[in-house]
Every structure is written in structure tokens, then in C-alpha cells.
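Structure assessment
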Amino acid sequence: MLHGYIPPHRFLPYLSWTEINALPDRENTVIVLPCGAIEQHGPHLPCSVDSVISSGVMGRALDKLPAEVRAFALPPITYGKSEEHLHFPGTMTLTGPTLLATVIEIGESVYRSGFRKLLFANGHGGQPQVLEMAARELRLRHGDFVVVPHGVSRLPNASSKQVSDQEKRLSMHAGHSETALMLALAPDTVHMEHAAANYPPPFPIKLLSPDGRPACAWSARDFGPSGVIGDPTSATREQGVEILETLSDSWVQALTELYALRWVVREEATWGLGHQSGFIQSSPPLAAVAAL
């Protein structure tokens with residue numbers, strides 16, 4: 001079914017328009033948009049990793065979420081901005097402008113439906129900047145819209161205790177944590193017999209990169225022909241389940257607090273795409289200042 005990893009009772013498209021129109025507290029209800037990608041993840045993982053993880057983690061969190069916390073998910077964006085993996089068959093990429101326009105237009109639809117809180121739950125490391133730009137654009141257009149772009153795996157979870165210091169510093173793609181999570185979420189798609197470690201050379205300019213991660217722009221092919229950037233060889237399903245459970249627990253807390261959040265509302269006329277018109281703050285006249 002269309003909902004995939006999302007629990008059906010938390011899947012917004014399964015409601016009719018009249019049911020959505022009748023939802024209570026729409027202005028605080030959190031709408032979750034999982035954002036993934038279809039791109040190579042080495043010989044041992046499928047190209048769907050980022051889409052599976054973003055939907056799988058958020059689906060698990062929504063399944064655990066207390067009933068009184070109002071939140072629904074949209075169908076995930078399964079295509080992302082993946083140009084850094086273009087050298088490998090199976091990578092399907094949108095350009096940055098296409099993804100930006102897509103996310104903004106989905107956000108406008110969410111707003112038009114009466115919702116005022118939107119989470120971009122991102123599972124792909126090549127597109128956070130695009131999602132941040134979309135969130136800012138939507139906020140500029142609508143002064144009562146709370147739009148949060150955030151990486152799905154960037155909340156506290158068990159992965160940090162499972163990996164080596166080298167993996168923490170240099171792993172970026174198809175390494176231990178992604179492999180473990182895929183073993184938990186979609187084990188039939190993982191082929192550990194093909195798993196092999198591959199790290200980039202440490203970046204030599206300490207001022208630009210104290211931990212050795214590449215400070216310059218890179219393509220996955222820059223670091224070898226496998227597409228792996230990390231060490232997946234020791235990952236297990238048990239570790240993946242532990243990551244999934246601890247990560248989804250963190251998202252339960254974050255969604256609960258986002259639902260309860262009361263944020264700044266800006267009522268002035270705003271600036272939209274193109275910035276043709278909007279409110280301009282001005283200083284009070286000097287006479288008014290002198291009278292204070």
C-alpha cells in the first residue's frame with residue numbers, strides 16, 4: 001500500500017478532504033514530509049537507502065507517538081538531489097532548482113490545507129541546503145508557518161557507541177549505520193557478502209577540517225570505484241534495530257515538542273518568491289523619538 005512504513009492512521013492522504021477540513025487543531029498538527037533519494041550505496045546496499053531510512057525512522061516514530069499528539073505524514077519524496085553519485089548506474093537525480101520548487105509547492109499545499117507546522121525529515125546528505133532554502137522561502141511567504149528542515153539521523157541514537165573513531169570522523173555514505181539500519185528495515189535488500197570498507201584520504205588542512213573530513217566539494221567517484229565511503233563490514237541487524245528504536249524514540253520527543261511549540265507569528269505583509277513586495281521596517285520619526 002501507499003503508506004509504506006508510515007502507520008495508516010498517521011497517513012494524511014488516507015483521509016478525505018472533508019475529514020481533513022474537520023481535523024481539530026490543524027494549526028498545531030505536525031505534517032511530516034520524509035525526503036529521501038534514489039542513488040547508489042555501494043555493491044551491498046540498494047539504491048533506495050535514503051528513502052527507506054527517512055520513511056522507516058519517521059514511520060516508527062509516528063507509530064510510537066501518543067494519540068494526543070497530532071501528526072500526520074505525507075508520501076515521501078523518493079527522488080533527491082544526487083549529482084555527487086552520477087557516475088554510478090541506478091542513481092536518479094533531480095537538479096537543485098527542481099527539488100527546491102517541488103518542496104516549496106508541497107509546502108504551499110500543506111499551508112493551503114490549514115496546517116501551520118511542517119517537518120522536512122531528510123535522509124540524504126546531499127540536499128540539506130536545498131531543504132533549508134525551501135523552509136526559509138516558505139517562512140518568508142507566510143509569517144505563521146513553522147517549517148523545520150532536519151536530518152532524520154541527526155538526533156540522539158545508539159549509533160555513536162557502535163562505531164570506531166575513524167568511522168565517526170570519515171564515514172559519509174553506505175557505512176556502518178546506514179547498513180545496520182537497512183538490515184533492520186529491509187534485510188532482503190542487503191548483501192553483506194559484497195560489503196567492503198573504503199575511506200577518503202584525511203583532508204590535510206587542519207584549520208579547514210579538524211576531523212579530516214573533506215572540506216572541499218567532492219564526488220563519490222573521487223574516493224574509488226565502489227561508491228562506499230565508510231566501513232559497513234561489522235554492521236548487524238541487532239545494531240540496526242537498536243539504532244532504529246533509539247532514533248525513533250528521539251523523534252517521538254521532538255514531534256511531541258514541535259506539536260506543543262508556540263512560535264513567533266509575523267502579521268505584516270510578507271515577501272514571496274521574487275521579492276516584489278512586502279513589509280519594510282522603518283525607524284520612527286525623529287520627533288517621535290525625541291518625545292520618548
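Just above, that's the structure.
Report follows, based on the coordinates. Everything numeric in this text was worked out from a predicted model, so none of it was measured. (Residues numbered from 1 in each chain as written. Predicted model: local features only at pLDDT ≥ 70, side-chain atom pairs only at ≥ 80, totals over all residues. Heavy atoms only, no water.)

1. Brief notes about the overall build of the chain
Keep this limit in mind: Here a helix means four or more residues in a row that DSSP labels H or I, a strand means two or more in a row labelled E, and each is numbered from the N terminus. What the globule rule says is 2.2 Å times the number of residues to the power 0.38, and the radius of gyration is computed from C-alpha atoms. Relative accessibility decides the category of a residue: with a 1.4 Å probe and only protein chains considered, values under 20% of the type maximum give buried, values over 50% give exposed, and everything between is partly exposed. Here the open area of atoms and residues is found with the Shrake-Rupley method and a 1.4 Å probe, where only the protein chains shown may cover a residue. The charged-residue count follows a simple rule in which Lys and Arg add positive charge and Asp and Glu add negative charge, with His and chain termini not counted at all. Positions of charges follow a simple convention, taking NZ of Lys, CZ of Arg, CG of Asp or CD of Glu.
A tally of helices and strands in the chain yields eight helices and four strands. Taken over C-alpha atoms, the radius of gyration comes to 21 Å for the chain, in line with the 19 Å a tight globule of 292 residues would show. Expressed as a percentage of the 292 residues in the chain, the buried residues total 48%. Surface exposure of the chain reaches about 14500 Å², of which carbon and sulfur atoms provide 59%. Within the chain, one finds 22 positive and 29 negative side-chain charges whose respective centroids are separated by 4 Å.

2. Things to note about the pairing of strand 1 (residues 30-35)
Rule in force here: By definition, two strands form a pair when at least two bridges between them are found by DSSP. Handedness is read with the strands pointing away from the viewer; a crossover is right-handed when the path from the first strand over the helix to the second is clockwise.
Counting buried positions over the six residues of strand 1 gives six, a clear majority of the element. Because side chains alternate across strand 1, one face comprises the buried residues Val 30, Val 32 and Pro 34, and the other comprises Ile 31, Leu 33 and Cys 35, equally buried. The pairing of strand 1 with strand 2 (residues 71-73) spans three bridges and is classified as parallel. Bridging from a neighbouring strand, Val 30 pairs with Ala 71 of strand 2. Regarding topology, helix 2 (residues 49-64) serves as the crossover connection from strand 1 to the parallel strand 2, and that connection is right-handed. Taken together, the six bridges between strand 1 and strand 3 (residues 117-122) define a ladder with parallel strand orientation.

3. Observations concerning the packing of helix 3 (residues 96-112) against helix 4 (residues 128-141)
Put simply, the test is: Think of each axis as a best-fit line through the C-alpha atoms, taken over the contacting stretch in the case of a helix, with angles from 0 to 180 degrees between the N-to-C directions. Every angle not falling under 35 degrees, over 145, or within 65 to 115 is termed oblique; those three ranges are roughly parallel, roughly antiparallel and roughly perpendicular. For a crossing to be left-handed, the near helix must be turned anticlockwise from the far one by less than a right angle; the clockwise case is right-handed. Contacts are assigned to residue pairs with any non-hydrogen atoms lying within 4.5 Å of each other.
One can describe the packing of helix 3 onto helix 4 by two numbers: an axis separation of 9 Å at closest approach and a directional angle of 40°. Overall, the two elements helix 3 and helix 4 adopt an arrangement that is oblique. Here the hand of the crossing between helix 3 and helix 4 comes out right-handed. On helix 4, the residues touching Gly 96, Leu 99, Leu 100, Val 103, Ile 104, Gly 107 and Glu 108 of helix 3 are Val 130, Leu 131, Met 133, Ala 134, Glu 137, Leu 138 and Arg 141.

4. Description of the packing of helix 6 (residues 176-185) against helix 7 (residues 237-260)
The axes of two packed helices give the description: the angle between them and the distance between them. As a reminder of what qualifies: Side-chain classes follow a simple rule in which Ala, Val, Leu, Ile, Met, Phe, Trp, Tyr, Cys and Pro form the nonpolar group, Asp, Glu, Lys and Arg form the charged group, and the remainder, Gly included, forms the polar group.
The N-to-C vectors of helix 6 and helix 7 enclose an angle of 90°; their axes lie 7 Å apart at closest approach. The angle between helix 6 and helix 7 falls in the class roughly perpendicular. Contacts between helix 6 and helix 7 pair His 176, Ser 177, Ala 180, Leu 181, Leu 183, Ala 184 and Leu 185 from the former with Arg 237, Gln 239, Gly 240, Val 241, Ile 243 and Leu 244 from the latter. Class assignment for the residues of the contact of helix 6 with helix 7 results in eight nonpolar, four polar and one charged.

5. Here's the deal with the sheet that holds strand 3
Taken in spatial order, the four strands of this open sheet run 2-1-3-4, and their pairing is parallel. Each of the sheet's edge strands pairs with one partner strand only, and the pair in question is strand 2 and strand 4 (146-151). Strand-to-strand twist in this sheet, taken as the mean axis angle between neighbours without regard to direction, amounts to 20°. This element, helix 2, spans strand 1, strand 2 and strand 3 of the sheet and lies at about 155° to strand 1. Where helix 7 meets the sheet, its contacts fall on strand 1, strand 3 and strand 4, and the angle it forms with strand 3 comes to roughly 155°.

6. Observations concerning the packing of aromatic side chains
Operational definition: Think of it this way: a Phe, Tyr or Trp ring, Trp meaning its six-membered ring, pairs with another when their centres are within 6.5 Å, and the plane angle makes it stacked under 30 degrees, edge-to-face over 60, tilted otherwise. Here, a charge over a ring is recorded when the distance from Lys NZ or Arg CZ to the ring centre is within 6 Å and its angle to the ring normal is within 35 degrees.
Inspection of every chain in the model, using the stated rule, returns three aromatic pairs. Lying over the aromatic face of Tyr 111, Arg 116 brings its terminal NZ or CZ to 3.5 Å of the ring centre.

7. Brief notes about the environment of Met 58
For Met 58, the location among the structural elements is in helix 2. A relative accessible area of 0% places Met 58 in the buried class. As for Met 58 and Gly 175, which are separated by 117 residues in sequence, their C-alpha atoms are 21 Å apart. Residue contacts for Met 58: discarding those within four places in its chain leaves Ile 6, Val 32, Leu 119, Ala 121, Val 152, Trp 251 and Leu 255.

8. Quick word on unusual backbone geometry
Within the chain, Asp 25 stands out as a residue other than glycine whose phi angle is a positive 55°. Secondary-structure assignment places Asp 25 in the loop between helix 1 (17-21) and strand 1. Given a relative accessible area of 24%, Asp 25 falls into the partly exposed group. With a phi angle near 65°, Ala 174 is a residue other than glycine that sits in the positive phi range. Following the sequence through the fold, Ala 174 ends up in the loop between helix 5 (165-170) and helix 6.

9. Focus: the pattern of salt bridges
For clarity, the threshold we go by: By definition here, a salt bridge exists when the distance from a side-chain nitrogen of Lys or Arg to a carboxyl oxygen of Asp or Glu is within 4 Å.
Here the structure, examined in full by the defined rule, presents nine salt bridges. In this structure, Glu 245 and Lys 64 form a salt bridge, with 2.8 Å as the shortest nitrogen-oxygen distance. Of this pair, Glu 245 sits in helix 7 while Lys 64 sits in helix 2, placing them 181 residues apart in sequence. Through salt bridges with shared partners, a single ionic network connects Arg 60, Asp 63, Lys 64, Glu 245 and Asp 249.

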